[in-house]
Amino acid sequence: MRIAIALLGATAALAAATLPATAAFATAGKNYTVKMLNNGPTGMMQFDTQVVRVKPGDTVTFVPADPGHNAESIPGLAPAGAEPFKGQMSKPLTVTFAKPGVYGFRCMPHFSMGMIGVVVVGNPVNLAEAKALNLPGRPKQIMTGILASIK
Ligand SMILES: [Cu+2]
């Protein structure tokens, strides 16, 4: 009898401890994964996927599937008031995207090779500004193609 009561108590404690986490999970956004790769879907040094569409409050985790990459925001390519982000080399980074708009991201070591992508959060309110942003050669070429596909 003593054992049964102790077990019941433990179960109740576990349920109480689990409850707030469950409630938080129910209101949290979705999580999406972007891999950093040496050999991507269409070439070397790429993010997979390059274009991520999410809702405000969703999160994106940049995963170093191959080492030697990072994920960080492209300066000037985000809606007004958005916080910049910068992941460490070969480390995963999870970013919460709260404000609607287009967010550019890049791998710093391979930026010039065009290792870039965008997160589109809801309505792409800053699309015109994003298209007007001055980027160097290869990244500009790839970004122009990406942004042309966003409505
Ligand atoms: Cu890289």
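Residues numbered from 1 in each chain as written. Predicted model: local features only at pLDDT ≥ 70, side-chain atom pairs only at ≥ 80, totals over all residues.

1. A word on the overall build of the protein
Item 1. Each helix and strand in the protein was counted, giving 3 helices and 8 strands.
Item 2. For the protein, the proportion of its 151 residues judged to be buried stands at 28%.
Item 3. Taking all contacts inside the protein whose residues are at least 6 apart in sequence as the whole, residues at least 24 apart take part in 63%. (Helix = DSSP H or I, 4+ residues; strand = E, 2+ residues; numbered from the N terminus. Buried ≥ 20, exposed ≤ 12 C-beta atoms within 10 Å, placed from the backbone. Contact = placed C-beta atoms within 7 Å.)

2. Observations concerning unusual backbone geometry
Item 1. Backbone torsion omega between D48 and T49 reads 10 degrees, so that peptide bond is classified as cis.
Item 2. Structurally, T49 can be placed in the loop between β2 (44–48) and β3 (51–54).
Item 3. Residue S90 is not a glycine yet carries a positive backbone phi of 60 degrees.
Item 4. As for its position among the elements, S90 is in the loop between β5 (72–73) and β6 (93–97).

3. Describing the sheet that holds strand β8 (residues 116–121)
The strands making up a sheet are joined through hydrogen bonds of the backbone, oriented either antiparallel or parallel.
Item 1. The 4 strands are arranged β3-β8-β7-β5 in an open sheet whose pairing can be described as mixed. Of all strands in the sheet, those with a lone pairing partner are β3 and β5, marking the two edges.
Item 2. Of the strand pairs in this sheet, strand β7 (residues 101–106) and β8 are connected by 6 bridges, and their pairing is antiparallel. From the neighbouring strand, R106 faces β8, where its bridge partner is I116. (Pairing = 2+ DSSP bridges.)

4. What to know about the sheet that holds β6
Item 1. The strand order β2-β1-β4-β6 describes an open sheet built from 4 strands, whose pairing is mixed. Edge positions in the sheet fall to β2 and β6, since each has one partner strand and no second. This sheet shows a mean twist of 20 degrees between the axes of neighbouring strands, independent of strand direction. (Axes fitted to C-alpha atoms, helices over the stretch in contact; angles between N-to-C directions.)

5. Regarding the environment of N126
Item 1. Within the fold, N126 resides in the loop between β8 and α2 (127–132).
Item 2. A count of 21 C-beta atoms within 10 Å places N126 in the buried class.
Item 3. Measuring from C-alpha to C-alpha, the distance between N126 and Y103 comes to 9.0 Å, with 23 residues separating the pair along the chain.
Item 4. In this structure, N126 is in contact with P79, G101 and V102, ignoring residues within four places of it in sequence.

6. Looking at the nonpolar core
Item 1. Formed by 26 residues in total, the largest nonpolar core has its most connected members in Y103 and V119.
Item 2. Of all the secondary-structure elements, those providing two or more residues to this core are β1 (31–39), β2, β4 (58–63), β6, β7, β8 and α3 (137–148).
Item 3. No other element matches β8, which puts 5 residues into this core.
Item 4. Other than its neighbours up to four places away in sequence, Y103 contacts S73, L77, A78, A82, F97, V118, V119 and V121. (Core = buried A, V, L, I, M, F, W, Y, C linked by C-beta atoms within 7 Å.)

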